[in-house]
Structures are given as C-alpha cells and as structure tokens.
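Secondary and tertiary structure notes
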There are 2 protein chains.
Amino acid sequence: MPGQHTLDETESQVATRLAGMNLDFEAMAVTANLFRAANAARNHMERTVLAKSNLTWTAFVVLWVAWIWESAETREIASEAGVSKATLSGVLTTLEGRGFVERKRGEKDGRLVTVELTASGKRLMKKLFPEFNKSERHVVRGLTSAEQPVAADILRRITQATN
Amino acid sequence: MPGQHTLDETESQVATRLAGMNLDFEAMAVTANLFRAANAARNHMERTVLAKSNLTWTAFVVLWVAWIWESAETREIASEAGVSKATLSGVLTTLEGRGFVERKRGEKDGRLVTVELTASGKRLMKKLFPEFNKSERHVVRGLTSAEQPVAADILRRITQATN
DNA sequence: TAAAGATCGTTCGGGTCCGAACTATCTGAG
DNA sequence: CTCAGATAGTTCGGACCCGAACGATCTTTA
C-alpha cells in the first residue's frame, strides 16, 4: 500500500525528523490527534447522516443551536458554531432560502437579528438529530463508558485554555 | 452579557430540551467538546502564529506533511491533512504560486505527482514550526503532563473508531 | 441633545472545501 | 497486443470561511 502511513509510522517519522529541535512532542501529539479525530468524525457524519438531507456540517450546527435555544441571536450562534459572523450570514441566507429558518429583526434593539426554526426546520431536526446521535455513539465506541466523561472533561479544558 | 452562554449552561439546556428522547448524552458531550476544542485551537493558531505568515491552517498542514516526509505524494498529503484531493489541488496551486512547494510528475508512474518544499518553503517551516509548537504547548497547558499521553491515546482511538 | 464611539449584521474579495465529471495513465484478462 | 477497468490528479459549480470595510443602530459623553 504505497503512500499510506499508519499513525505510528507518522509519529516516529516526526520524532526522527525533528530530533534535537527542543520541541514539546507531548503537546504535538495531543494537538495532532485532536485535529485528526475531529476531522475524521466530521467527515464521517457529513457523509453518512448529513448527506442524506443535503446539509453541510456548519449548516447542521447552526440549525442545532437555534433548535436547542428555541430562538437565538446571531452572534450567539456564531460563537457556539465556531464560525465568524461573516460566515454565519451566508449560511443563514442558504438555510433561509431552503425554508428551514427565519430571520427576525430585534424589536427593542434594531441592530440585532434573532433566528428561529420554521415548522419545516423543526421537523427536520426532530427526524435528523436521533440519527446524528447514533453517529456520535459510533464515533466514541472505542472508549469505555468510564472513559467518555474523562474525554469530555479533557476536551473542555483544552477549549478553556485556548480562549 | 446577553447572548453569551457558558459551556455548562449550554449542556444543561441541551439536557432539558432533549429530555425523554432516548439519546446517548455521554457520546454527545464527547463529540460536542471534541469539535469545540479542535475549532478553538485551530482558530487560535490561525490568528496567532499562522496569520503572521499569511498562511491558512490547511496550507500549513500541507507544508508540514511535505516537510516531514521530505517529499510526499499528493494522495498521501490529502489523507494526512484530512482534505479531499480536489481541495489539495487548489491549495497546492496557491502554495506553488507563492514559491513554497514544487510539483513533480512521477517518472515511473505518469499519473502520480510528488510535492517537495522549495528552499524558501524549508526556510519558512524551519522558522515557523517552533512557534507553532509553542502554540501547541499553550493549547494543552490545562492538562497535566500525565494527562497528555492519555488525551493523545483517547483521540487516537476516536480516529480509529471512525474509519 | 448633538456628536463621538461602540456594537450589530451584511457585503466583498480571495482562499478553502467537497462531490462529480473529466483527462491521462497504468494494469490485466484474453 | 488490445481494450476494459482501475487509479491519479485536475477542473468545475456551489457552499463555506475569514478579515476588512461598511451602513445602520444604539450608547455615552459633554
């Protein structure tokens, strides 16, 4: 299988290639595997659950946030979804065009825009989210149930340290 | 601070909003925090280390893979960087235009393309990578040195489970 | 109560990002 | 030897992605 390296091969190549450079290899291993894992999980979910509804990852997360909070302000959605307000603006336009969300100008504060799911958007999430959750279960199936809260906690601390 | 929720608030809102839906909340917490952490770390690095050299995240990863392996085939880079070959093609064109990499047609197999860093690309990585590693150290500073290998191992298992 | 400043969402330009369709090349069965 | 099939990288269309610049709106200050 030419041109294919296992995780172990990659990490040992890294170690020899960068030997004597005074680097923190532990930190490197954590972040490298963090991105690999997030990417693998995201790609998997996009190709299985999300593709059927023709939704991108970000579009789904935006729907999810608005669904969970009943109605959400855009900067809140952007922050939870981890995208810039510029990106969110475009995604909302797409979702609005497909009839899944509605934008509403703030009445008290004319600068604000709140986002609500339409009936169609709610139906979609009600059907989609259980399937999505099944995928989440698949992603963590390599961890024991004791390890899962540990993993969540570690990841929370990484997020906090980065802000 | 209107429109801002803490992680705890979000998770408890999720719990009440989705109560009685027979979902795996442990798995949900792991994946949600996985994406949050990866996103936070990526944004942090893009804005600090990478912005100075006007590099995107993916462009940096591509350079990194080619640098570590001395010279790499495109499908290998795409796989390690976690992007499709279509995306890689565009990124390589950008990097080639900026003089950081060179494409070389395979001599034995005319379909293959191998990628090598130019002298300029090597200089860039030699300067940039130690700074990048300092950022990686920052990202994991909330974890003890005993926890870091545990974290890397857990993330590796998530990656494996997803394939 | 104006003018200065802060904050919000949108727009713009350029760079990813992907699946699908495409061209070029190699491989195998007959 | 040939040509169907597999494989590699590119192109294309459409969606995301960001920082910067922008207009609209609220808030603060004098």
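These notes cover the structure that comes with them. These numbers were taken from a predicted model, which means no experiment stands behind them.

Examining the relation of the copies chain A and chain B
It takes a turn of 180° to lay chain A on chain B, together with a shift of 0.0 Å along the axis; the resulting RMSD is 0.1 Å. In symmetry terms, the pair is related by a two-fold rotation axis. For chain A, the residue whose C-alpha comes nearest the rotation axis is Ala38(A), separated from it by 3.3 Å. Most of the interface of chain A is mirrored in chain B, where 99% of its interface residues are also at the interface.

Notes on helix H5 (residues 85–97) of chain A
Residues and elements named next belong to chain A. Between the first and last C-alpha of H5 there are 18 Å, a value that for 13 residues agrees with the 18 Å anticipated at 1.5 Å per step. Listed in full, the buried residues belonging to H5 are Leu88, Val91, Leu92 and Leu95. All buried residues of H5 project into a common sector of 105° when viewed along the axis, lining one side. Opposite the buried face of H5, by more than 90 degrees, sit the exposed residues Ala86 and Gly97. On its buried side, H5 packs onto helix H3 (57–68), helix H4 (74–81), strand E2 (101–105) and strand E3 (113–117). Remark: Gly99 follows H5 within two positions and exhibits a positive phi of approximately 80°.

Here's the deal with the sheet that holds strand E2 (residues 101–105) of chain B
All names here are of chain B. What the 3 strands build is an open sheet, ordered E1-E3-E2; its pairing is antiparallel. Looking at the sheet topology across the chains shown, the edges are occupied by strand E1 (71–73) and E2. With strand direction ignored, the average angle separating the axes of adjacent strands in the sheet is 30°. Across 3 bridges, E1 lies against strand E3 (residues 113–117) in antiparallel orientation. Bridge assignment links Ala72 to a residue of E3, and that residue is Val115. Each of E1, E2 and E3 is contacted by helix H3 (residues 57–68), which is oriented at about 90° to E3, the strand it contacts most.

Points about the pattern of salt bridges
All chains considered together, the criterion is met by 20 salt bridges over all chains. In this structure, the salt-bridge partner of Glu46(A) is Arg42(A), at a minimum N-O distance of 3.8 Å. Remark: Arg42(A) and Glu46(A) occur in helix H2 (residues 25–52); sequence separation between them is 4 residues, near one turn of the helix. Judged by relative accessible area, which is 24%, Glu46(A) ranks as partly exposed. Measuring nitrogen to oxygen at the nearest pair gives 3.1 Å for the salt bridge that ties Glu96(B) to Arg103(B). Owing to a relative accessible area of 31%, Glu96(B) belongs among the partly exposed residues under this scheme. We classify Arg103(B) as partly exposed; its relative accessible area is 28%. Salt bridges sharing common partners tie together Glu147(A), Asp153(B) and Arg157(B).

Some points on the protein's contact with DNA strand C
In the vicinity of DNA strand C, 24 residues are found, and the nearest of them are Thr74(A), Thr58(B), Ser84(B), Thr87(B) and Gly110(B). Here, DNA strand C places atoms within 4 Å of the protein, and 75% of those atoms are sugar or phosphate. Note that a phosphate oxygen of DNA strand C is positioned 3.2 Å from one of the side-chain N or O atoms of Arg75(A). Between a phosphate oxygen of DNA strand C and a side-chain N or O atom of Arg103(A), the distance comes to 2.7 Å. Of all the elements in the fold, those that place two or more residues in the surface near DNA strand C are H4 and H5 of chain A together with helix H5 (85–97) of chain B. At 4 residues, H5(B) tops the list of elements feeding residues into the surface near DNA strand C. Of the residues assigned to the surface near DNA strand C, the class counts are 6 nonpolar, 9 polar and 9 charged.

Observations concerning the pairing of E3(B)
All names here are of chain B. Residue alternation in E3 divides its side chains into a buried set, Val113, Val115 and Leu117, and an unburied set, Thr114 and Glu116. Across 5 bridges, the pairing between E2 and E3 is antiparallel. The residue of E3 that forms the bridge with Lys104 is Thr114.

Criteria and cut-off values
- Residues numbered from 1 in each chain as written.
- Chains lettered and ligands numbered in written order.
- Predicted model: local features only at pLDDT ≥ 70, side-chain atom pairs only at ≥ 80, totals over all residues.
- Heavy atoms only, no water.
- Least-squares fit on C-alpha atoms with pLDDT ≥ 70 in both.
- Contact = heavy atoms within 4.5 Å.
- Helix = DSSP H or I, 4+ residues; strand = E, 2+ residues; numbered from the N terminus.
- Expected span 1.5 Å × (residues − 1).
- Buried < 20%, exposed > 50% of the residue type's maximum accessible area, 1.4 Å probe, protein only.
- Arc of directions from axis to C-beta.
- Pairing = 2+ DSSP bridges.
- Axes fitted to C-alpha atoms, helices over the stretch in contact; angles between N-to-C directions.
- Salt bridge = Lys/Arg side-chain N within 4 Å of Asp/Glu carboxyl O.
- Near = heavy atom within 4 Å.
- Polar contact = N/O pair within 3.5 Å; in protein donor to acceptor, adjacent residues only side chain to side chain.
- Nonpolar A, V, L, I, M, F, W, Y, C, P; charged D, E, K, R; others polar.

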